[in-house]
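Each chain is listed here by its residues.
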Amino acid sequence: MSGPLVRVIPSLLVSGGRLVKGQRFRDHLDAGNPVTTARAHDAQGADELILLDVEASRSGRGPDLAAIAAVAKACFMPLAVGGGIRTLDDARGVIGAGADKVVVGAGALDHPELLRDIATVFGAQAVVLALDIDEERRVLDPRDRKPSGLDMLSWGQRAVSLGVGEIRLCAVEREGTRRGFDLEALEALTRAVSVPVIVEGGCGSLDHIPPAIRAGANGVALGTMLVFSDNNLVKIRRYLAGQGFRVRG
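The following refers to the structure shown. For clarity, every value in this text was computed on a predicted model and none was experimentally measured.

Moving on, we get to the side chain of Arg7. Here Arg7 lies in strand β1 (residues 2–15). A polar contact is formed between the side chain of Arg7 and the side chain of Glu166, at a distance of 2.3 Å. One polar contact links Arg7 to Asn218, side chain to side chain, over a distance of 2.6 Å. Not counting residues within four places of it along the chain, the set of residues in contact with Arg7 comprises Asp47, Glu48, Lys101, Glu166, Pro196, Ile198, Asn218, Gly219 and Val220.

Written out as structure tokens, the structure is:
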């Protein structure tokens, strides 16, 4: 095996304290208890976990610290949390509740300097840019899924200059569809920025993952594939190891 270690990262979308899943971040169905699911992923050796509150920014409220703390207590892997982080105090609350990283989307669109503020206090490794894009690589506002007026590359590069240590790239039109990652967008972004990129949105089968790694992804974030199929983290890592990729365990 050669190359960098590939992270396999469950991505949990929550709303009202429940795990949800849909398509294109809409039409959500209840998918269970996030604490129970996080505990199961932890037992299977997840490299880390992304927990995103899909309603916090849309409704204008802050992070659900009680829900974050409950998930953090259930697992020992690194935890990245997003949704409703609009101020440095919001980030402090999320870190204080047990998160290792904050995932910032709408708050950074409104106030880009928020990224620098969080990185200054907690370090670049604790700041993840939530970069949601459409099929034209325009940056979408997570509150209404409409173009923000920014393009993927310039926003990603600016975020890195402000102190972001990692980018989570999500092709919104592919989220939950199982038709594969947006590999062209992924490759363009990984060539343009100097920080690790996690790709999310569209993975539906094991053979969708190797092309994403070859396109430059440092990690793959999986939601639908883990919730609504017979795949699990053990099976996925075994498959990737068999393809010659470096995976933990």
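This next bit is on unusual backbone geometry. One non-glycine residue, Arg137, lies in the positive phi region at around 65 degrees. You can see Arg137 is positioned in the loop between β7 (127–133) and β8 (138–141). By relative accessible area, which is 30% here, Arg137 ends up partly exposed.

Our next topic: the pairing of strand β10 (residues 166–171). Of all the 6 residues making up β10, 6 are buried; the element is thus mostly covered by neighbouring parts of the structure. Of the two faces of β10, the one carrying Glu166, Arg168 and Cys170 and the one carrying Ile167, Leu169 and Ala171 are both buried. Across 6 bridges, β7 lies against β10 in parallel orientation. Bridging across to β10, Ala130 finds its partner in Arg168. Relative to strand β11 (residues 197–200), β10 runs parallel, the two being bridged by 4 bridges. By the bridge assignment, Arg168 is partnered in β11 with Ile198.

Right, let's get into the packing of helix α7 (residues 152–161) against helix α8 (residues 183–192). At their nearest, the axes of α7 and α8 sit 10 Å apart, and the two run at 35 degrees to each other. The handedness of the crossing between α7 and α8 comes out as right-handed. Facing α7, whose interface residues are Met152, Leu153 and Gln157, α8 presents Ala185, Ala188, Leu189 and Ala192. Grouping the constituent residues of the contact of α7 with α8 by class yields 6 nonpolar, 1 polar and no charged.

So, about the state of the cysteines. As enumerated under the stated definition, the model contains 0 disulfides in all. There is no disulfide at Cys170, and the cysteine sulfur nearest it, in Cys203, is 12 Å away. For Cys170, a relative accessible area of 0% puts it in the buried group.

Next up on the list: empty space enclosed by the protein. A complete count under the given rule lists 2 cavities of 30 Å³ or more for this structure. Size it by volume and the largest cavity reaches roughly 250 Å³. In this structure, the largest cavity is lined by 23 residues; those nearest its centre are Asp53, Ser57, Gly83, Pro142 and Arg145. Breaking the lining of the largest cavity down by element, the ones donating at least two residues are β4 (49–53), α2 (56–59), β6 (101–104), α5 (106–110) and β7.

In this section: the layout of surface pockets. In this structure, the largest pocket spans a volume of roughly 190 Å³. What lines the largest pocket is a set of 19 residues, among which Val14, Leu51, Asp64, Ala67 and Ile68 lie closest to the centre. Listed by contribution, the elements that provide at least two residues to the lining of the largest pocket are β1, α1 (34–43), β4, α3 (65–74) and β5 (79–82). When residues of the lining of the largest pocket are assigned to their parent elements, the largest contribution, 4 residues, is made by α3. A per-class count over the lining of the largest pocket returns 10 nonpolar, 6 polar and 3 charged.

Tallying each qualifying case throughout the model produces 18 salt bridges. Lys101 serves as the salt-bridge partner of Glu48, at 3.1 Å between the closest nitrogen and oxygen. One end of the pair, Glu48, is in the loop between α1 and β4; the other, Lys101, is in strand β6, with 53 residues separating them in the sequence. Among the salt bridges present, the one from Asp134 reaches Arg138, with a minimum N-O distance of 2.7 Å. In this structure Arg138 comes out as partly exposed when scored by relative accessible area, which is 35%. Here the salt bridges do not stand alone but share partners, grouping Arg7, Glu48, Lys101 and Glu166 into one network.

With that out of the way, let us pick up the nonpolar core. The biggest cluster of nonpolar side chains holds 72 residues, and the ones touching the most others in it are Leu115, Leu131, Ile167 and Leu222. Per-element tally for this core: the top contributor is α3, with 5 residues. Those residues in contact with Leu131 that lie beyond four places of it in its chain are Val139, Met152, Trp155, Ile167, Arg168, Leu169, Cys170 and Leu189. Ala80, Val103, Ile198 and Ala221 belong to the second largest nonpolar core, which has 12 residues in total.

About the cut-offs
Residues numbered from 1 in each chain as written. Predicted model: local features only at pLDDT ≥ 70, side-chain atom pairs only at ≥ 80, totals over all residues. Heavy atoms only, no water. Helix = DSSP H or I, 4+ residues; strand = E, 2+ residues; numbered from the N terminus. Polar contact = N/O pair within 3.5 Å; in protein donor to acceptor, adjacent residues only side chain to side chain. Contact = heavy atoms within 4.5 Å. Buried < 20%, exposed > 50% of the residue type's maximum accessible area, 1.4 Å probe, protein only. Pairing = 2+ DSSP bridges. Axes fitted to C-alpha atoms, helices over the stretch in contact; angles between N-to-C directions. Left-handed = near helix turned anticlockwise from the far one by under 90°. Nonpolar A, V, L, I, M, F, W, Y, C, P; charged D, E, K, R; others polar. Disulfide = S-S within 2.5 Å. 1 Å grid on protein atoms, 1.4 Å probe; cavity = no way out; pocket = protein on both sides within 12 Å on 5 of 7 lines; lining within 4 Å. Points joined across faces, edges and corners; volume = space filled by probe spheres on them. Salt bridge = Lys/Arg side-chain N within 4 Å of Asp/Glu carboxyl O. Core = buried A, V, L, I, M, F, W, Y, C linked by side-chain atoms within 4.5 Å.

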